[in-house]
Each structure stands twice: as C-alpha cells, then as structure tokens.
Amino acid sequence: MAPSHHRHKAMNLRKSSQARSSIPNSGKSPFGSKGELLRLASPLQSTWIEWTGAGFLHPAGTEGVGLFSRLLFQWELPAIRKTMDCLRSGDGSVLELDQSMTRFDWPEPALELNKSIARKQLAIFYPLYDCRWWGRYSQVIDEGGAHGWQSIVYGMFYHTYSIPVTQAMSHYASQYLMIAPHLSQVIPDWQEQLKQALAASLHPNNPGGSFQPKVL
C-alpha cells in the first residue's frame, strides 16, 4: 500500500443526537455478560441475513467444506484477534491486515458480498466515528486504499467495547451458525477447530494459521 494511505486523518463528521442514541456509547457501556454482548452487537445482526442466500454457506463436498473452514478458523478469527491487538497497541497495521486478507482464495461472489457487508456494517457504526479507527478505515476504503472486511469491522467493534478476545472470536463464529446451523454438522470438527483458534489467541506471538501480516 502506498505510504500516503497510512497518513489519513480521522474524519471530522457531525453526528445527530438521534443517530448517536441508536448506538451504545463506547465509553459508558462496559462489557459485562453474554447478554450485554448480544445487545451491543444487535445493530449488526441484520447484515448477516445477506449471507443466507450465498452458496458459500452451503459448501458442497470436501473441497467446499475445507474452503469455508480455512476462511473462518485460519483467516477470519485470527484477523479479529489481530485487529484487536493492533488497535490496543496502536501499531497502525490494520490497513496492512486489510491487504493480507486478499491472499485467501475467495470465491468471487463471497468476496464481493463480504466487502459489501463490511461497508454496511461500517455505516451502522457511523455514530462511533469519533473513535478515530472507525472513521479512518471507512475513509481509506472509500478512497480505494483498503478493501473492507467483515472480520476487521467486527474486530473494531469488539475492541471498542473491550470485549475479551476469546469471547469475541466465539461470538463471531456463532453468527455463522445463527444463519446456517447446518455448518456444525457438515464441519464435524467445528468445536475442535474453534477450541484451537481460541487457544492460539492466548499466545500473541503466534498469529495462527497462515495469517501473518507484517507489523508496520
């Protein structure tokens, strides 16, 4: 990515009181329970419905199952963790993380749908753009300097509300099961793969899977 993309300033957006009231204030809504997590994530729930008609969530054969498994457990869940780590440490590598996601062998319809959903999720959290990472990521996407990924948006969401990383990753995986419960049957080692992904999150120096973006 061109260096100029890393010098974007946070967007100075005006926010109506009505808009702000639709999103819990990140500074006054500490994470406390699974119920609280579900409440905070509720604005995002509608975007998952767009996945229901995607053939990607109905993998046919071993190859299709393996592709989805790799996306979720080796790419998306580590991306969520890495996004949270980047924002926590302020190392500025979220944009490179965004570029790294293109290395996954995305089926074209799933690739475009993922990016479309991510943009809609960013729009939902417009009232949080005073947290600079929300406005910056959205702006760079609009300018063509980033792709926009659902997993990164969720990582930003979980970080904003100080949600523990293992609970964040578990919650994200559960969203797929919410709209496609059959996945836990066609991927018989679902729980084991999730367990391994969560265990990897306890070791910050091991990004997990093949997902190893360079820190800027």
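Refer to the preceding data block for the structure.
J.: Quick rundown of the nonpolar core? Include the residues and the values.
T.: Of all hydrophobic cores here, the largest spans 65 residues; its most connected members are W51, W134, Y137, F157, Y158 and Y176. In terms of residue count, helix α3 (residues 61-89) provides more of this core than any other element does, 13 residues in total. Beyond its immediate stretch of four places on either side in the chain, Y176 contacts W48, L57, F68, L71, L72, E76, Q150, P181, L183 and W190.

J.: Give a detailed account of helix α10 (residues 190-200), specifying residues and quantitative values.
T.: Considered for burial, the residues of α10 that qualify are W190, Q193, L194, A197, L198 and A200. An end-on view of α10 places all buried positions within 160° of arc, on one side of the element. Facing away from the buried side of α10 by over 90 degrees, the exposed positions are Q191 and K195. Buried residues along α10 sit in contact with α3, α8 (165-179) and α9 (183-186).

J.: Now, about helix α6 (residues 132-142): what can you tell me, with residues and values included?
T.: α6 sits mainly inside the fold: eight of its 11 residues count as buried. W134, G135, R136, Y137, S138, Q139, V140 and I141 are the residues of α6 that are buried. Each element contacted by the buried residues of α6 is listed here: α4 (94-100), α5 (108-124) and α7 (150-160). Backbone geometry just after α6 places G144 at a positive phi near 85°.

J.: Summarise the side chain of T83; cite the residues concerned and give the values.
T.: If you trace the backbone, T83 turns up in helix α3. Each residue touching T83, except ones within four places of it in the same chain, is listed here: L97, I152, G155 and M156.

Reading the values: the criteria
Residues numbered from 1 in each chain as written. Predicted model: local features only at pLDDT ≥ 70, side-chain atom pairs only at ≥ 80, totals over all residues. Heavy atoms only, no water. Core = buried A, V, L, I, M, F, W, Y, C linked by side-chain atoms within 4.5 Å. Buried < 20%, exposed > 50% of the residue type's maximum accessible area, 1.4 Å probe, protein only. Helix = DSSP H or I, 4+ residues; strand = E, 2+ residues; numbered from the N terminus. Contact = heavy atoms within 4.5 Å. Arc of directions from axis to C-beta.

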